[in-house]
Amino acid sequence: ALRNYGWRVVVFYAVTRYDIDAVMDELHAVGCDGKFARQAWENMTSEKVNTGLTYSNYMQRGSVVVIGLTTSASEFLNSLVHETHHLVAHIGKALGLDVMGEDVCYLHGELVREMFSMCHSLMCDDCRHYTEA
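Throughout what follows, the structure given in this document is the object of discussion.

1. Things to note about helix α2 (residues 34–45)
- For α2, which comprises 12 residues, the first-to-last C-alpha distance of 17 Å matches the rise-based estimate of 16 Å (1.5 Å per residue) to within 8%.
- Turning to α2, its buried residues number three or more, namely A37, A40 and M44. Projected down its long axis, α2 shows its buried positions confined to an angular sector of 60°, all on one face. Looking at α2, the residues exposed on the side facing more than 90 degrees away from the buried face are K35 and R38.
- Where the residues of α2 are buried, they touch β1 (8–15), α1 (20–29), β2 (52–57) and β3 (62–68).
- Looking one or two residues beyond α2, the residue adopting positive phi is E47, at roughly 60°.

Next comes the structure, spelled out in structure tokens:
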């Protein structure tokens, strides 16, 4: 949770087909249905690598971020930056933050600081090979 912003964020890392039900449950919990939910399901069941998605419900102040399996540490970082940009844009818009201002930068910094402990090993190719063995 981003306490300073009153926003709940659920993040899934290195998502495989075994995680789809949990992801879909979280998406439904924040009010995701219809077209976006179908697209999310299709994206995840396709088992494509180097993909992700971000869904936010401004009224509930909640978001779900999904980062699929990636082919390398640099691709993971690319997906992470891409999806966190969407998330920061969603939160910033909902809270009326200036996208060119420092507040959005502090939000992004707090977000990635919170995420770091769960995903740091995915940002290093040597660490990735160690954990996959």
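Further notes follow.
2. What about the pairing of β2?
- Within β2, five of the six residues are buried, which leaves it mostly tucked inside the rest of the structure.
- By the bridge criterion, six bridges tie β2 to β3 in an arrangement that is antiparallel. Paired with L53 across the bridge in β3 is V66.
- In this antiparallel pair of consecutive strands, β2 and β3, the connection spans four residues, and R61 shows a positive phi of 55°.

3. Here's the deal with the packing of aromatic side chains
- According to the stated counting rule, one finds two aromatic pairs in the structure shown.
- Centre to centre, the rings of Y13 and F76 are 6.5 Å apart; their planes meet at 45°, and the pair counts as tilted. Placement of Y13 in strand β1 and of F76 in helix α3 (residues 73–95) is noted, with a sequence separation of 63 residues between them. F76 matches Y13 in its accessibility class, with the two residues each being buried.
- Centroid distance F36 to Y55: 5.3 Å. Interplanar angle 45°. Geometry classified as tilted. Highlighted residues: F36 in helix α2 and Y55 in strand β2, separated in sequence by 19 residues.
- Taking the relative accessible area as the measure of exposure, Y55 reaches 17% and is therefore buried.

4. Quick notes on unusual backbone geometry
- Located in the positive-phi region is A14, a residue other than glycine, with phi close to 50°.
- Here A14 lies in strand β1.
- For A14, a relative accessible area of 26% gives the class partly exposed.
- The backbone of R61 sits at a positive phi, close to 55°, despite the residue not being glycine.
- Turning to its location among the elements, R61 is positioned in the loop between β2 and β3.

Calculation criteria
- Residues numbered from 1 in each chain as written.
- Predicted model: local features only at pLDDT ≥ 70, side-chain atom pairs only at ≥ 80, totals over all residues.
- Heavy atoms only, no water.
- Helix = DSSP H or I, 4+ residues; strand = E, 2+ residues; numbered from the N terminus.
- Expected span 1.5 Å × (residues − 1).
- Buried < 20%, exposed > 50% of the residue type's maximum accessible area, 1.4 Å probe, protein only.
- Arc of directions from axis to C-beta.
- Contact = heavy atoms within 4.5 Å.
- Pairing = 2+ DSSP bridges.
- Phe/Tyr/Trp six-rings, centres within 6.5 Å; stacked < 30°, edge-to-face > 60°.

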